[in-house]
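In case you want the letters, here they are:
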Amino acid sequence: MRQTKFIFITGGVLSSLGKGMAAASIGALLKARGLSVTIQKLDPYINVDPGTMNPTQHGEVFVTDDGAETDLDLGHYERYLGTPLSQRNNYTTGSIYHSVITKERRGDYLGGTVQVIPHITDEIKLAICSLAENKTDVAIIEIGGTVGDIESQPFLEAIRQLRGDLGRDRCLFIHLTLVPYLVKAGEHKTKPTQHSVKELRSIGIHPDIILCRCETPVTQDLKRKIALFCDVDEDAVFSSVDVEHVYMLPLEFYDEGLDQKVAIMLRLPARNADLTHWKRLVHDLTNHEGSVTIGIVGKYVELKEAYKSLHEALVHGGVANRVQVNLKYVNSEDVAPETVSDILSGLDGILVPGGFGERGVEGKILTVRHAREKKIPFFGICLGLQCAVIEFARNVAGLEGANSEEFAPEAAHKVIYLMTEWFDHHKNEKVTRNKDSNKGGTMRLGAYPCSIREKSLAFQAYGKKMVSERHRHRYEVNNQYREQLAQAGLTFSGLSPDGELVEIIELADHPWFLGCQFHPEFRSNPMNPHPLFRDFIAVAKKRRGVGASEGKEKSKG
Ligand code: GLN
C-alpha cells in the first residue's frame, strides 16, 4: 500500500507571484520522475465556486470532465500534468462552510456547538485527505491568498494540524515569496521574505523550502542569508525566476535541483526526471518558421486571464505548426459596420470565444459575417458557435430577426434557444429546466460525447468518429431550424450521439469555418495540442504564407 505524500504551497508578501505555476511545475517534475501526482487548489473566497463570478475579476472559469466549475489554476495543473482533474481538486471557503452548514442542519453534530476549529478545519482536512489514494504518490495542495490574510487562516490551521496527523515525513511545506531587486541600491532585498516567513511561523508552520520569486536568480550568498534568517537549509532556498515562457519553469526548477530536494525531504524514490518532452516543447516554442496573428473578439478582453485556456490552446496550436501565435484581443463592442474591416484587418484567423449576456453580441455577429464573407479562417467557441448560427440564419438563410433566446426572448426566429427538457449525461436522467431560473444548476456542464460526421473539417482534425468535450452553457441550436439552415448550406458535423444536440457546425466553400458548442480549449495540452486548434492555426499559417516561401507574405483580401 502506497502512502500519499503531501506538499503544501503557501504564498507570502503579495499575490500574483505565480504560486499556481510553481505548483504545476513541481507537479510536472515529480511526474517526470515517474510518480503519480495530483494537485488541489484551496481558495479562500466565500463563493461556493467561481461559476457565478465575473471573468474580468476572477479570470476564466475552468471546467473539469465531471462538470465542476473551478479556479483557472486547475487549467495550469492539467496542462502541466497532462491528466484530467475533478471536483475534488478545488475547494473554496464557501464550499467548505456549505458542507459544514448542511451537516449542522441535518443534525450530524448532535447538538454540539459548531466552530471554526475543529469543524471547519476538519472539513478542510477531509477535502485534502480525499486525495490520498493508493494510486497517488504525491498530492500538491496550493493554498490561495497570501499568508496574513484573514480568509486563509482556517486553511493554514488545517495544514498545520495535518503535519501532526500524517507525520512529518509525509508533509512538506513550500513557501513562495518575493525577493525584489532594488535598482538604485543595486541589490536583492530579503526583508519581505523574512517578514513573511515570520508570519507563517507565528501560526505554527515552519517552511521546509523557500521559493523566491525574482527577476534574476538569487545568488548563493543571498540564499545563505535567507536560510539563516528563515531557519531553513541553505540548499532549500530556490529561485523562481521570471521566464520568457511559462513552460520553461519546470526546466528552471530542475536546473536548480528543486525536484531533487523535494524528493530527498519527502523520501521519494531517487530517480532522475525524464524531461525530454519538456525540452522539446521549449525548443519548439522558441524556434519557429514565422508567426500568425489571431484576433480574439470577445467582451472580457480587459483581463487576459479571462481567456487563459484559450490563449494557451492557441499557443499549443502554434507549437504543433512551428509558428509563433500573436494574439490580438478585440473588444466586440467596438466592432460596428463602419469599423469592422479596419479593426479586423491583418488577421490570419478570427476566433469568437464563449461568453454570457447580450453586451457586445452584435459586434461578434458582424465579426462572423466578416470572417465568412472575406474567407478568413474562423473558429467559434460556444457563444461563438451561437453567433455564427445567428449570422448564417439572418444573412444566408433569410431568417430576418434571427437571434438567441438569451438576448431576445421575443425574437421572430429563436435559432438558439433554451431546451426545457434534456438528457443529463452525468446524472444519467432526463432533467427539466426552469425557464425563469437563470442561475446555478441549469447549465450543461462537463464532458459530453459528440459523434462526428465523416468528410468534415472536424473529422479531418480528430481523425475519429466519437469524441468527448467539455461544456458550459445553457442554450442550444434550435432543432426546429436545423433543416432550413442545412438547406441553406450550414453543415452540422458534430451531434450528440442521440442526434438531439448540435455540437459542431461548419461551412463548405470556405478555407476553414467551424463552430463548436463545447470548449475544446479545456482539453488542450502543450504536449498534445488540441486537433481543432492545431488545424485552425495550420490554415492561418497557410493564409499567411509561412513556410511556403520563406518570409514572403501572401496578400490578403
Ligand atoms: N451564453 C451562452 C449559453 O449559455 C454561451 C455560453 C458560453 O459561451 N460558454 O448558452
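To keep things clear, this report deals only with the structure shown in the data block.

What counts and how
Residues numbered from 1 in each chain as written. Predicted model: local features only at pLDDT ≥ 70, side-chain atom pairs only at ≥ 80, totals over all residues. Heavy atoms only, no water. Helix = DSSP H or I, 4+ residues; strand = E, 2+ residues; numbered from the N terminus. Rg over C-alpha atoms; globule rule 2.2 N^0.38 Å. Buried < 20%, exposed > 50% of the residue type's maximum accessible area, 1.4 Å probe, protein only. Contact = heavy atoms within 4.5 Å. Areas by Shrake-Rupley, 256 points an atom, 1.4 Å probe, with all protein chains shown as cover. Lys, Arg positive; Asp, Glu negative; His and termini not counted. Charge placed at Lys NZ, Arg CZ, Asp CG, Glu CD. Patch = residues over 30% accessible without salt bridge, like charges linked within 9 Å, V, L, I, M, F, W, Y side chains within 5 Å. Salt bridge = Lys/Arg side-chain N within 4 Å of Asp/Glu carboxyl O. Pairing = 2+ DSSP bridges. Near = heavy atom within 4 Å. Polar contact = N/O pair within 3.5 Å; in protein donor to acceptor, adjacent residues only side chain to side chain. 1 Å grid on protein atoms, 1.4 Å probe; cavity = no way out; pocket = protein on both sides within 12 Å on 5 of 7 lines; lining within 4 Å. Sits in = over half its atoms within 2 Å of the grid points. Nonpolar A, V, L, I, M, F, W, Y, C, P; charged D, E, K, R; others polar. Axes fitted to C-alpha atoms, helices over the stretch in contact; angles between N-to-C directions. Left-handed = near helix turned anticlockwise from the far one by under 90°. Core = buried A, V, L, I, M, F, W, Y, C linked by side-chain atoms within 4.5 Å. Points joined across faces, edges and corners; volume = space filled by probe spheres on them. Phe/Tyr/Trp six-rings, centres within 6.5 Å; stacked < 30°, edge-to-face > 60°. Lys NZ or Arg CZ within 6 Å of the ring centre and 35° of its normal.

## What to know about the overall build of the protein
Okay, so step 1: Along the protein, the regular secondary structure elements total 18 helices and 25 strands.
Okay, so step 2: What you see for the protein is a C-alpha radius of gyration of 25 Å, in line with the 24 Å of a compact globule of 557 residues.
Okay, so step 3: For the protein, the C-alpha atoms occupy an extent of roughly 75 × 65 × 45 Å along the three principal directions.
Okay, so step 4: Residues counted as buried form 58% of the 557 residues belonging to the protein.
Okay, so step 5: When contacts within the protein are restricted to residue pairs at least 6 apart in sequence, long-range pairs at least 24 apart make up 72% of them.
Okay, so step 6: Summed over its atoms, the accessible surface of the protein is roughly 23,500 Å², and 49% of this surface lies on carbon and sulfur atoms.
Okay, so step 7: Looking at charge distribution, the protein has the averaged site of its 67 positive side-chain charges lying 3 Å from that of its 72 negative ones.

## Brief notes about a nonpolar patch on the surface
Okay, so step 1: Where nonpolar side chains cluster on the molecular surface, the patch consists of Y97, I101, V116 and I117 and spans about 330 Å² of accessible area.
Okay, so step 2: Those elements giving two or more residues to the nonpolar patch turn out to be α4 (93-106) and α5 (116-129).
Okay, so step 3: Its place among the elements puts Y97 in helix α4.
Okay, so step 4: Among the residues examined, Y97 registers a relative accessible area of 31% and is labelled partly exposed.

## Considerations on the pairing of strand β7 (residues 171-178)
Okay, so step 1: With eight of its eight residues buried, β7 lies for the most part within the structure.
Okay, so step 2: Strand direction decides the pairing type here: strand β1 (residues 5-11) and β7, joined by six bridges, are parallel. Paired with I7 across the two strands is L172, which belongs to β7.
Okay, so step 3: For β7 and strand β10 (residues 209-214), the ladder comprises five bridges, and the chain directions are parallel. Looking at the pairing, I174 lines up with I209 of β10.

## Remarks on the site of the ligand
Okay, so step 1: What surrounds the ligand is the set G354, G355, F356, C382, L383, Q386, E406, R472, H473, R474, Y475 and H519.
Okay, so step 2: In the model, an oxygen atom of the ligand is placed 3.1 Å from a nitrogen or oxygen of the Q386 side chain.
Okay, so step 3: R472 is positioned such that a nitrogen or oxygen atom in its backbone is 2.8 Å from a nitrogen atom of the ligand.
Okay, so step 4: Notes on the ligand: free accessible area 300 Å², of which the protein chains cover 99%.
Okay, so step 5: With respect to the pocket detection grid, the ligand is positioned in the largest cavity.
Okay, so step 6: Those elements that place two or more of their residues in the shell around the ligand are α15 (383-395) and β21 (466-473).
Okay, so step 7: Looking at the shell around the ligand, its residues break down into four nonpolar, five polar and three charged.

## Some points on the packing of α4 against α5
Okay, so step 1: Interaxial distance between α4 and α5 falls to 10 Å at its minimum, and their mutual angle equals 115°. Considering how the two elements wind past one another, α4 and α5 form a crossing that is right-handed. In this structure, α4 uses I96, Y97, S99, V100 and K103 to contact α5, whose residues at the interface are V116, H119, I120, E123, I124, L126 and A127.
Okay, so step 2: For the contact of α4 with α5, the class distribution of residues is eight nonpolar, two polar and two charged.

## A short note on the nonpolar core
Okay, so step 1: One finds I7, I26, L30, I140, I174 and V262 to be the most contacted residues of the largest nonpolar core, which totals 51 residues.
Okay, so step 2: Looking at this core, the element that brings in the most residues is helix α1 (residues 19-32), giving nine residues.
Okay, so step 3: Setting aside chain neighbours within four positions, we find I174 in contact with I7, F8, I9, T10, I26, I209, L211 and V262.
Okay, so step 4: Membership of the second largest hydrophobic core comes to 40 residues, among which are V335, V368, F378 and V415.

## A look at empty space enclosed by the protein
Okay, so step 1: A full pass over the atoms with the stated rule returns two cavities of 30 Å³ or more.
Okay, so step 2: Counted as a void, the largest cavity has a volume near 70 Å³.
Okay, so step 3: Lining the largest cavity are G355, F356, C382, L383, Q386, E406, R472, H473, R474 and Y475.
Okay, so step 4: Of all the secondary structure elements, the ones that give two or more residues to the lining of the largest cavity are α15 and β21.
Okay, so step 5: Among the residues making up the lining of the largest cavity, the classes are represented as four nonpolar, three polar and three charged.
Okay, so step 6: Size it by volume and the second largest cavity reaches roughly 30 Å³.
Okay, so step 7: Forming the walls of the second largest cavity are T10, G11, K19, I143, G144, G145, T146, V147, S152 and L156.
Okay, so step 8: Partitioning the lining of the second largest cavity into residue classes produces three nonpolar, six polar and one charged.

## Some words on the sheet that holds strand β25 (residues 513-516)
Okay, so step 1: Across the sheet, which stays open at both edges, the nine strands sit in the order β13-β12-β14-β15-β25-β24-β23-β20-β21 with mixed pairing between neighbours. A single partner strand is all that each edge strand has here, and the edge strands are β13 (323-331) and β21. Averaged over all pairs of adjacent strands, the angle between their axes in this sheet comes to 25°, without regard to strand direction.
Okay, so step 2: Direction of pairing for strand β15 (residues 378-381) relative to β25: parallel, over a ladder of four bridges. Counted as the bridge partner of G380 is G515 from β25.
Okay, so step 3: Across the sheet, helix α14 (residues 361-373) lies against β12 (290-298), β14 (349-352), β15, β24 (502-507) and β25, angled at about 150° from β14, the strand it touches most.
Okay, so step 4: Against the sheet, helix α18 (residues 531-544) engages β12, β13, β14, β15 and β25, with an angle of about 120° to β12.

## Quick notes on the packing of aromatic side chains
Okay, so step 1: Across all of its chains, the model carries 13 aromatic pairs by this definition.
Okay, so step 2: Taken together, the ring pairs connect F379, W512, F533 and F536 into an aromatic cluster.
Okay, so step 3: The ring of Y448 has R444 lying over it, and the distance from NZ or CZ to the ring centre is 4.9 Å.
Okay, so step 4: The cationic tip of R482 hangs over the ring face of F492; the distance from NZ or CZ to the ring centre is 5.9 Å.

## Considering unusual backbone geometry
Okay, so step 1: Cis rather than trans, the peptide bond between I117 and P118 has omega equal to 15°.
Okay, so step 2: With phi around 55°, R267 is a residue other than glycine that occupies positive phi space.
Okay, so step 3: Of note, R267 is situated in the loop between α10 (258-265) and α11 (276-286).
Okay, so step 4: One non-glycine residue with positive phi stands out, namely R322, at about 55°.
Okay, so step 5: Here R322 shows up in the loop between α12 (308-321) and β13.
Okay, so step 6: A residue is classified by how much of its surface remains accessible, and R322, at 31% relative accessible area, is partly exposed.

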